[in-house]
Amino acid sequence: MSEAQTLATAPVVEENGYYRLTVEKVIEETHDTKSVVFAIPEALKSAFQYKAGQFLTLKVPYGEQALIRCYSLASSPDTESEHKVTIKRVVDGRISNWINDQVQAGDEILVLPPAGLFHLGKESDDGDIVLFGGGSGITPVISILKTALHTTQRNIKLVYANRDDQSVVFNAELRALMQANWQRLEIVHLLDSIHGYLSGPQVTQLVAGSSNPEFFICGPGPFMDTVETALLARGEDKARIHVERFVSPQDPKEAAEIEAMAQAAAAETEASSIEVTLDDEVHQLDYEPGDTLLQTITKAGIDAPRSCEEGFCGACMCKVKRGEVTLNVNDVLSPEEVEEGWTLACQGRPMSADVSIEFPD
């Protein structure tokens, strides 16, 4: 039986927060990229509401295990009714190749509701928006672009880098958006085959003249590092630079071994309770040694932000206000963010008697 057939016939309707969604259609975007559009039943419309720039988490059977991957929504909740994720084929990528080769309309896939902190901020913000998308990093960027055009009057500049002109995803859609919004939208295409890789001086030149800009960056690691480093060197406000980083998590067996070691290391903690601030409410929760912060919150019946629960999506980011918290797996927080006190509730465990954490609004 193929993996697609396994997905379509598996009896599980809901598993650990995952919902079984039907693939409504598959769109061939380029020679190595496809979009998957999910049908959202009426009963799940509320659960699957999302902000432009957020992502879906998929759980996919692969051999004798289930692999988890996060894919950004390329659709906009303000201009489209569909939920569309776009996946670029990766060399030796088990799930990206499976999706590009096998997934078709009618298949079913386990999906978590939308999550992520990579989205527009205050509605009152009237500063320019500068978007940097590299390769498949265009997916959350185009979602933000469409929402910003529809819901704000802000000027927008998109810098979109690709290997060559055959690799440009959403080319026709971007042209149409630029033609319809030429007074507010500027799109700059950079092709490695012609212009070479994006450099720091190019970033500085591209953002010159922007008024109180807010930046959104998504793409390959070196691309994002180049843009972020150049912006900070230019003196841009770090709080207005948003970077979306995705990595693939460990396979289940490796993750279980790491989790067991983390549990053992945290079993001797002196903590018996933790303080949690969520949605401006303060909760004092009993703590069982070895549990993660998120497990403690969930046991108390509190619905905290979460998604992958494996330390690679950042949906459960929270700030340590008091005490010491050890972080098991971290594939999303930068060293600077950790230094500032940020942690991941799904991987963090109290290591001191008095611990207080707060989730961002």
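- The protein chain is annotated in an unreviewed UniProt entry as Ferredoxin--NADP reductase of Ferrimonas pelagia.

### Remarks on the sheet that holds strand β8 (residues 129-134)
Consideration 1: The five strands are arranged β10-β9-β8-β11-β12 in an open sheet whose pairing can be described as parallel. Across the chains shown, the open sheet's two edge strands, defined by having one partner strand only, are β10 (185-191) and β12 (241-244). The mean inter-strand angle of the sheet, taken between neighbouring strand axes irrespective of direction, is 10 degrees.
Consideration 2: Bridge count for β8 against strand β11 (residues 214-218) is five bridges, and the pairing is parallel. The residue bridging phenylalanine 132 from the neighbouring strand is isoleucine 217, located in β11.
Consideration 3: Lying on the sheet, helix α6 (residues 200-207) is in contact with β8, β9 (156-162), β10 and β11; it crosses β8 at an angle near 145 degrees.
Consideration 4: Across the sheet, helix α7 (residues 221-233) touches β8, β9, β11 and β12, and the angle it forms with β11 is around 160 degrees.

### Quick word on the layout of surface pockets
Consideration 1: The computed volume of the second largest pocket comes to approximately 1200 Å³.
Consideration 2: Around the second largest pocket, the lining is made up of 45 residues, and of these Val90, Ser136, Gly137, Gly219 and Pro220 lie nearest the centre.
Consideration 3: Partitioning the lining of the second largest pocket into residue classes produces 20 nonpolar, 15 polar and 10 charged.

### Section: the confidence of the model for the protein chain
Consideration 1: Per-residue confidence for the protein chain gives a mean pLDDT of 89; residues scoring 70 or more make up 89%.
Consideration 2: Here residues 1-13 is modelled with pLDDT under 50, and outside its nearest four sequence neighbours on either side it reaches 22 contacts, counting other chains as well.

Rules behind the numbers
- Residues numbered from 1 in each chain as written.
- Predicted model: local features only at pLDDT ≥ 70, side-chain atom pairs only at ≥ 80, totals over all residues.
- Heavy atoms only, no water.
- Pairing = 2+ DSSP bridges.
- Helix = DSSP H or I, 4+ residues; strand = E, 2+ residues; numbered from the N terminus.
- Axes fitted to C-alpha atoms, helices over the stretch in contact; angles between N-to-C directions.
- Contact = heavy atoms within 4.5 Å.
- 1 Å grid on protein atoms, 1.4 Å probe; cavity = no way out; pocket = protein on both sides within 12 Å on 5 of 7 lines; lining within 4 Å.
- Points joined across faces, edges and corners; volume = space filled by probe spheres on them.
- Nonpolar A, V, L, I, M, F, W, Y, C, P; charged D, E, K, R; others polar.
- pLDDT = per-residue confidence, 0-100.

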